[in-house]
Amino acid sequence: MSQDYTLVIHGGAGEEMMLNTQVNEVIEFALQTALVLGSQVLQQGGSSLDAVQRSVEAMEDCFLFNAGKGSVFNKDGKNELEATIVDGSAGRSGSVACAKSVKNPIKAARCVMEKSSHALIVGDGVEEFLQGLEEKEKPVGPEYFYTDIRHRELTAKLSAGNTLKNNHPQTVGAVALDRWHRLAAASSTGGLVGKLKGRVGDTAVVGAGIYADDKLAVTCSGDGDAFLRHTVAQKIASLYHHKGYSLRQACREVMTENLKGFCAGIIAVDTKGDAIIETNAGHKSEFSHFMV
Ligand SMILES: N[C@@H](CC(=O)O)C(=O)O
């Protein structure tokens, strides 16, 4: 029987890690593991929504990626995490931003989608909302997110004048099509190294760094402020729906028209089973991705 589902994931680590060949192999292994966990859900007849969440959760639990456990530090040496999940076929989404004590922001985003009447909750509101739920998870302290490597990254960034953005896409994301042709997208990030307190990026905003409907699903990674300003994910959907572009043409168009000079990676799938990976990162390993 031919495979009747698609799953694409991406995830990025810090520069110091990417430069080390051995660590790069570990990153590939961790990505493969996240892909297998998500695709098992699809193989067993599960939904695209559960599959993207599973893959993103696995990457959030791995200290290598800039999401969950491995999140970068902001300017004050704190972690402020964001995530979004979108159920394309149902037209629902949930997002969290500036979350400080949430181990798996993607699970929190799913709770926002399913257990609140809102689309986005930020800051202390996230913790309060989660603690009000019946099945609550224990909050984690700042030590959970601490890694020496991320700390060195912040120190280097601050001593260089804190002017540069992440120099390759680091957010983790997944898009999937299940055997019932339902699409979903999920994305999670620690954001930009040395970002200002309270900064919200594209990963928390549907239409900027993430989008899904009943025809296509997209997640983005890279310079989030550029994705926000150009409503990148929404633009891809709009070119696809209203201009008759193929998924690849739509992704390429925004890449050349709106993201020239900004670091960017985009993954997308549609109900025709097209699976797209587009990046302007110089080297393949700078936008690590896998698909089944
Ligand atoms: N998009 C993320 C960063 C990244 O993907 O590297 C942000 O700007 O928050």
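It should be noted that the structure appears before, not after, this text.
Reference entry: report on the structure contained in this document. Being a predicted model, the structure only gives us computed values, none of them experimental. (Residues numbered from 1 in each chain as written. Predicted model: local features only at pLDDT ≥ 70, side-chain atom pairs only at ≥ 80, totals over all residues. Heavy atoms only, no water.)

**Things to note about the overall build of the chain**
For the chain, the count of helices and strands is ten helices and eleven strands. A compact globule built from 292 residues would reach a C-alpha radius of gyration of about 19 Å, and the chain, at 17 Å, matches this within 12%. Reported as C-alpha extents along the three principal axes, the dimensions of the chain are approximately 50 × 45 × 35 Å. Counting the 292 residues in the chain, one finds 58% classified as buried. In the structure as shown, the chain presents an accessible area of about 12300 Å², 52% of it carried by carbon and sulfur atoms. (Helix = DSSP H or I, 4+ residues; strand = E, 2+ residues; numbered from the N terminus. Rg over C-alpha atoms; globule rule 2.2 N^0.38 Å. Buried < 20%, exposed > 50% of the residue type's maximum accessible area, 1.4 Å probe, protein only. Areas by Shrake-Rupley, 256 points an atom, 1.4 Å probe, with all protein chains shown as cover.)

**With respect to the packing of helix α4 (residues 105–115) against helix α5 (residues 124–131)**
Direction vectors running N to C along α4 and α5 enclose 65 degrees, while the axes themselves pass 11 Å from each other. Classified by the angle between their axes, α4 and α5 sit roughly perpendicular to one another. Seen from above, α4 lies across α5 with left-handed handedness. Only Val126, Phe129 and Leu130 of α5 make contact with α4, whose side of the interface consists of Ala108, Cys111, Val112 and Lys115. Among the residues forming the contact of α4 with α5, the class breakdown is six nonpolar, no polar and one charged. (Axes fitted to C-alpha atoms, helices over the stretch in contact; angles between N-to-C directions. Parallel < 35°, antiparallel > 145°, perpendicular 65-115°, else oblique. Left-handed = near helix turned anticlockwise from the far one by under 90°. Contact = heavy atoms within 4.5 Å. Nonpolar A, V, L, I, M, F, W, Y, C, P; charged D, E, K, R; others polar.)

**Overview of the sheet that holds strand β2 (residues 81–87)**
Strand order in this open sheet of seven strands is β4-β3-β2-β6-β5-β1-β11, and the pairing throughout is mixed. The open sheet terminates on both sides in strands that have one partner only, identified here as β4 (120–122) and β11 (289–291). Averaged over all pairs of adjacent strands, the angle between strand axes in this sheet comes to 5 degrees, irrespective of strand direction. Strand direction decides the pairing type here: strand β5 (residues 172–177) and strand β6 (residues 183–189), joined by six bridges, are antiparallel. Looking at the pairing, glycine 173 lines up with serine 187 of β6. (Pairing = 2+ DSSP bridges.)

**As for the sheet that holds strand β8 (residues 216–222)**
What the four strands build is an open sheet, ordered β7-β8-β9-β10; its pairing is antiparallel. At either end of the open sheet lies a strand with only one pairing partner, and these are β7 (210–212) and β10 (275–279). Going across the sheet, the axis of each strand differs from the next one's by a mean of 10 degrees, ignoring polarity. Looking at chain direction, β7 and β8 are connected through three bridges and run antiparallel. When the bridges of β8 are listed, alanine 212 appears paired with alanine 217. Docked against the sheet, helix α9 (residues 232–242) engages β7, β8 and β9 (264–270), running at close to 145 degrees with respect to β8.

**Considering the pairing of strand β3 (residues 92–99)**
Most of β3 is tucked away: seven of the eight residues are buried. Strand direction decides the pairing type here: β2 and β3, joined by six bridges, are antiparallel. Paired with valine 86 across the strands is serine 93, a residue of β3. Linking β2 to β3, which pair antiparallel, is a turn of four residues; within it glycine 91 sits at a positive phi near 65 degrees. Remark: the β3/α4/β4 crossover connection has left-handed handedness. (Right-handed = clockwise from strand over helix to strand, strands pointing away.)

**Re the site of the ligand**
Neighbouring the ligand are the residues Asn166, His168, Pro169, Gln170, Thr171, Gly191, Leu192, Arg199, Asp202, Ser221, Gly222 and Gly224. A distance of 3.1 Å is found between an oxygen atom of the ligand and a side-chain nitrogen or oxygen belonging to serine 221. Considered on its own, the ligand offers 270 Å² of accessible surface; in the complex 100% of this is hidden by protein. The cavity where the ligand resides is the largest cavity. In the shell around the ligand, the residues fall into two nonpolar, eight polar and two charged. (Near = heavy atom within 4 Å. Polar contact = N/O pair within 3.5 Å; in protein donor to acceptor, adjacent residues only side chain to side chain. 1 Å grid on protein atoms, 1.4 Å probe; cavity = no way out; pocket = protein on both sides within 12 Å on 5 of 7 lines; lining within 4 Å. Sits in = over half its atoms within 2 Å of the grid points.)

**Topic: the packing of α9 against helix α10 (residues 247–258)**
In the contact formed by α9 and α10, the axes pass within 9 Å of each other and the chain directions differ by 135 degrees. Judged on the interaxial angle alone, α10 and α9 are oblique. Of the two elements, α9 crosses α10, and the hand of that crossing is right-handed. Residue-level contacts link Val232, Lys235, Ile236, Leu239 and Tyr240 of α9 to Leu247, Ala250, Cys251, Glu253, Val254 and Asn258 of α10. Partitioned by chemical class, the residues of the contact of α9 with α10 number eight nonpolar, one polar and two charged.

**Description of the environment of alanine 208**
With respect to the element layout, alanine 208 can be found in the loop between β6 and β7. Judged by its relative accessible area of 2%, alanine 208 is buried. Measuring from C-alpha to C-alpha, the distance between alanine 208 and glutamine 234 comes to 6.4 Å, with 26 residues separating the pair along the chain. When neighbours within four sequence positions are excluded, alanine 208 is seen to be in contact with Asp202, Cys220, Phe227, Leu228, Thr231, Val232 and Ala233.

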